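Below, each chain spelled out in residue letters.
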Amino acid sequence: MGWEMTASLVVFFVLAALAVIGALSLIIQKHPIHSALSLIVVMVALAGLYLLMGAEFVAAVQIIVYGGAIMVLFVFVIMLLNAGVEEHTSISKMAGVPGLLLVVALAGFVAAAIARSAASVQSVSQSGTMSSTKEISGMIFKDFVYPFELTSFLILVAILGATVLAQREKS
Amino acid sequence: MVPTNYYVILSAILFGLGVFAFIFKRNIITIFMSIELMLNAVNLAFVAFSQALGKLDGQVFVLFVIVVAAAEAAVGLGIIILIARNRQTLNVERVDLLKL
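Residues numbered from 1 in each chain as written. Chains lettered and ligands numbered in written order. Predicted model: local features only at pLDDT ≥ 70, side-chain atom pairs only at ≥ 80, totals over all residues.

(A) Region of the structure containing the overall build of chain B. Secondary structure assignment for chain B yields three helices and zero strands. Taken over the C-alpha trace, chain B has a radius of gyration of 17 Å; the compact-globule value for 100 residues is 13 Å, which it surpasses by more than 25%. Projecting the C-alpha coordinates of chain B onto the three principal axes gives extents of approximately 50 × 25 × 20 Å. Scored against the burial criterion, the 100 residues of chain B give a buried share of 54%. Across chain B, contacts joining residues at least 24 apart in sequence account for 50% of those joining residues at least 6 apart. (Helix = DSSP H or I, 4+ residues; strand = E, 2+ residues; numbered from the N terminus. Rg over C-alpha atoms; globule rule 2.2 N^0.38 Å. Buried ≥ 20, exposed ≤ 12 C-beta atoms within 10 Å, placed from the backbone. Contact = placed C-beta atoms within 7 Å.)

(B) View of the overall build of chain A. Looking only at helices and strands, chain A features seven helices and zero strands. Relative to the compact-globule value of 16 Å for 171 residues, chain A shows a C-alpha radius of gyration of 21 Å, a clear excess of over 25%. Taken over the C-alpha atoms alone, chain A extends approximately 65 × 45 × 25 Å along its principal axes. The proportion of buried residues among the 171 residues of chain A is 26%. Residue pairs at least 24 apart in sequence account for 56% of intrachain contacts in chain A once pairs closer than 6 positions are excluded.

(C) Seen up close, the domain arrangement of chain A. Taken domain by domain, chain A holds domain 1 (1–86) and domain 2 (129–171). Inter-centroid distance (C-alpha atoms) of domain 1 of chain A to domain 2 of chain A is 22 Å. (Domains from an automatic or database assignment.)

(D) Region of interest: the packing of helix 3 (residues 56–81) of chain A against helix 3 (residues 57–87) of chain B. In contact at an axis separation of 11 Å, helix 3 of chain A and helix 3 of chain B are set at 5° when each is read in the N-to-C sense. In terms of axis orientation, helix 3 of chain A runs roughly parallel to helix 3 of chain B. Packed against helix 3 of chain A, whose contacting residues are Val58(A), Val61(A), Val65(A), Tyr66(A), Ala69(A), Ile70(A), Leu73(A), Val77(A) and Leu81(A), the element helix 3 of chain B presents Gln59(B), Val62(B), Leu63(B), Ile66(B), Ala69(B), Ala70(B), Ala73(B), Ala74(B), Leu77(B), Ile80(B), Ile81(B) and Ala84(B) at the interface. Looking at the contact of helix 3 of chain A with helix 3 of chain B, its residues break down into 20 nonpolar, one polar and no charged. (Axes fitted to C-alpha atoms, helices over the stretch in contact; angles between N-to-C directions. Parallel < 35°, antiparallel > 145°, perpendicular 65-115°, else oblique. Nonpolar A, V, L, I, M, F, W, Y, C, P; charged D, E, K, R; others polar.)

(E) Spatial organisation of the nonpolar core. By size, the foremost hydrophobic cluster in this structure holds 73 residues, and its most contacted members are Leu14(B), Ile29(B), Leu37(B) and Leu44(B). The element best represented in this core is helix 2 (residues 28–53) of chain B, accounting for 14 residues. Those residues in contact with Leu44(B) that sit more than four places away from it in its chain are Leu46(A), Leu49(A), Tyr7(B), Leu10(B), Ser11(B) and Leu14(B). (Core = buried A, V, L, I, M, F, W, Y, C linked by C-beta atoms within 7 Å.)

(F) Just helix 2 of chain B, in detail. Residue and element names in this part refer to chain B. End to end, helix 2 covers 38 Å across 26 residues, agreeing with the expected 38 Å (1.5 Å per residue, within 8%). Of all 26 residues making up helix 2, 22 are buried, and the element is well covered by its neighbours. Phi turns positive one or two residues past the end of helix 2, at Gly54, with a value near 70°. (Expected span 1.5 Å × (residues − 1).)

(G) Layout of the environment of Ala17(A). Examined against the element boundaries, Ala17(A) turns out to sit in helix 1 (residues 2–28). Along the primary structure Ala17(A) and Ala36(A) are separated by 19 residues, whereas in three dimensions their C-alpha atoms are 18 Å apart.

(H) Geometry of the interface of chain A and chain B. The interface of chain A with chain B comprises 77 residues on the first partner and 64 residues on the second. Listing elements by their share of the side of chain A that touches chain B, those giving two or more residues are helix 1, helix 2 (32–52), helix 3, helix 5 (96–121), helix 6 (132–142) and helix 7 (145–166) of chain A. At 14 residues, helix 5 of chain A tops the list of elements feeding residues into the side of chain A that touches chain B. For the side of chain A that touches chain B, the per-class residue count stands at 58 nonpolar, 16 polar and three charged.

Okay, here's the thing in structure tokens:
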């Protein structure tokens, strides 16, 4: 029990550090393609955390959809538009200082508020060794079948919208 | 097992970094990426509470969030292409048609 606990804690801290470093790198990097690669690091680290929590289906979807499809879309658009290094005016640089303070306050407030409620939740917790993929599929196709069908409609609308927006205007 | 608190605190940190990137970055594509970072932070909290409560509803919600994020990325990147074509820039400070 104790050994297993320390092992998962070590894995958690390694993955958490990777995610936070990736998120910081997203902010620090000047070129959007470097920011996109940093975001991929964050997503892969989060997929590892999902595996650690026993949510293997969500981890697989995270890698395939986020790390694969969405980030490829981003990298493709960055290359298509030939995006260069971003430029900051002096005002936007100054805005970073109060912005940073406000963000620290926001993160602390959210963490404190949710962690307090999470402490009351913890007593219910059990080992995460349920076969979640089978049960998730049952929930999607039984309890959440109407939202699930609506998502296909949403995707259809998104495809049509993206096609209409990005097409070249006929002159 | 890792305490749920740790996951939630990590989620709050990632969300805060996403908000900071959203207000600090000037490239419209990077701003869009910081929105994805915030969505990821919320997903982490969803899965953490799903595991803590022993119920799978949270994981199903994460799947729906991922679907909505994919749709949002497709439409948003279409809008970005349109902005870049019309204004010849990706800097949000140059997109100021509604400014006085």
